[in-house]
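# Observations on chain architecture
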Amino acid sequence: TSRDIDEYESNRGERKNSIQMRMHPNTRKRMMLSAGVSKEDIKAATKAANKAQTQRKNTVAFLEVPIVGVVEEITQSACRKFKRRSWRSQGSAVSDASTSSVGSRTSSTGDLPVGDGADSRSQAASADV
């Protein structure tokens, strides 16, 4: 309740600063091991924390150089699009492989090879006419 919070705030004392809140890594590790956390869990959490810290530093560094930030966004967007398209083509490649014969296939109009969106383009063109 609000009364408990007010009572706590009035009795808690002065706040610690960031230097006072630091703990030696060995002390932290001993405390975690005594609380039942496995060494493997500590190692995995440390690795994840270091990776996140590196990513934050990289983000800040890239944002400080405007053109690099733009290139980063373009690169990430291109990677997402490539993954989406390759994922979709893997699904259609399985169905195409079971129905295709040896040699080149063409669309129903006979002008474009199938597999690069020719069917959808020819259907869209005929719908516009």
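For the structure, see preceding data.
Conventions used here
- Residues numbered from 1 in each chain as written.
- Predicted model: local features only at pLDDT ≥ 70, side-chain atom pairs only at ≥ 80, totals over all residues.
- Heavy atoms only, no water.
- Helix = DSSP H or I, 4+ residues; strand = E, 2+ residues; numbered from the N terminus.
- Buried < 20%, exposed > 50% of the residue type's maximum accessible area, 1.4 Å probe, protein only.
- Patch = residues over 30% accessible without salt bridge, like charges linked within 9 Å, V, L, I, M, F, W, Y side chains within 5 Å.
- Areas by Shrake-Rupley, 256 points an atom, 1.4 Å probe, with all protein chains shown as cover.
- Salt bridge = Lys/Arg side-chain N within 4 Å of Asp/Glu carboxyl O.

### A word on the overall build of the protein
Scanning the protein from N- to C-terminus turns up six helices and zero strands. Listing the helices and strands of the protein from first to last along the sequence gives α-α-α-α-α-α. Expressed as a percentage of its 129 residues, the buried residues of the protein come to 4%.

### Section: a nonpolar patch on the surface
A grouping of V65, I67, V70, V71 and I74 is seen on the molecular surface, where their side chains present a nonpolar patch of about 440 Å² in accessible area. If you trace the backbone, I74 turns up in helix α5 (residues 66-99). Judged by relative accessible area, I74 falls into the exposed class, the value being 54%.

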